Structures are given as C-alpha cells and as structure tokens.
Amino acid sequence: MTSPPIVIFRPSPSGGRRVTVQRDGRVQILGLAHSDHDVIVFLEGAGLEDPERILDSPEWVEWRGGRAHRYEAA
C-alpha cells in the first residue's frame with residue numbers, strides 16, 4: 001500500500017496545519033491551513049479538481065497527528 005499523496009500535519013503550536021502534496025516523487029509544501037477552506041484553496045491551486053470531496057478519503061489524504069478538520073493548537 002502506498003501513502004496518500006496529501007498530508008495534513010499536526011497543528012502547530014500557534015495553530016494551523018502544514019499541507020503537503022506528493023507528485024512525481026517530490027513533496028511540495030502548499031501552505032499553512034487554518035481551515036478546510038484553506039486546504040481546498042491550496043489543493044485547487046495545485047491543480048486538483050473537486051478537492052472538497054477528497055478531504056475524508058484516506059486514499060488521498062492523511063491527517064497526521066491530530067483529529068481531522070481541527071486546526072487549533074493542542
């Protein structure tokens with residue numbers, strides 16, 4: 001099994017989560033998201049179509065180190 005191409009990392013101490021996408025064997029940092037809307041905007045900017053439907057798809061997105069859809073500092 002391969003890793004999902006999109007990783008949303010644990011919330012930073014100041015809030016927000018780093019979002020990365022892996023394409024062509026390279027990892028690209030898309031930005032620091034403070035909401036699902038931010039993630040959707042980042043993914044659209046990276047060329048993914050209809051990103052809101054994949055946020056809960058484990059084949060596409062790994063929510064690492066924290067609950068999915070939560071962006072505040074722990």
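An account of the accompanying structure is given in this report. Remember, it's a predicted structure, so these values are computed and weren't measured experimentally. (Residues numbered from 1 in each chain as written. Predicted model: local features only at pLDDT ≥ 70, side-chain atom pairs only at ≥ 80, totals over all residues. Heavy atoms only, no water.)

### Regarding the pattern of salt bridges
Applying the stated criterion to the full structure yields three salt bridges. The salt bridge partner of E62 is R64, with a shortest N-O separation of 3.0 Å. According to the relative accessible area criterion, R64 is partly exposed, its value standing at 35%. Its salt-bridge partner being E72, residue R70 comes within 2.9 Å of it at the nearest N-O pair. The partly exposed category is assigned to R70, whose relative accessible area is 36%. (Salt bridge = Lys/Arg side-chain N within 4 Å of Asp/Glu carboxyl O. Buried < 20%, exposed > 50% of the residue type's maximum accessible area, 1.4 Å probe, protein only.)

### Digging into the packing of aromatic side chains
Inspection of the entire model under this criterion finds one aromatic pair. The ring of F9 is capped by R18, whose NZ or CZ atom sits 4.1 Å from the centre of that ring. (Phe/Tyr/Trp six-rings, centres within 6.5 Å; stacked < 30°, edge-to-face > 60°. Lys NZ or Arg CZ within 6 Å of the ring centre and 35° of its normal.)

### Section: the nonpolar core
Among soluble globular proteins, nonpolar side chains are generally buried collectively. Counting 16 residues, the largest nonpolar core has I6, I8, V19, L30, V39, L43 and L48 as its most contacted members. Those elements that place two or more of their residues in this core are β1 (6–8), β2 (17–23), β3 (26–33), α1 (36–45) and β4 (61–63). Of all the elements, α1 adds the most residues to this core, at three residues. Not counting residues up to four positions away in its chain, the partners in contact with V19 are I6, V7, I8, Q28, I29, L30, G31, A33, V39 and F42. (Core = buried A, V, L, I, M, F, W, Y, C linked by side-chain atoms within 4.5 Å. Helix = DSSP H or I, 4+ residues; strand = E, 2+ residues; numbered from the N terminus. Contact = heavy atoms within 4.5 Å.)

### Focus: the pairing of β3
Here β2 pairs with β3 via seven bridges, running antiparallel. Paired with R18 across the bridge in β3 is L32. (Pairing = 2+ DSSP bridges.)

### Notes on the environment of I8
Inspection of the secondary structure assignment puts I8 in strand β1. We classify I8 as buried; its relative accessible area is 0%. The spatial distance from the C-alpha of I8 to the C-alpha of V61 is 7.3 Å, given a sequence separation of 53 residues. With sequence-adjacent residues up to four places away left out, I8 is seen in contact with R17, R18, V19, V39, V61, E62, W63 and R64.

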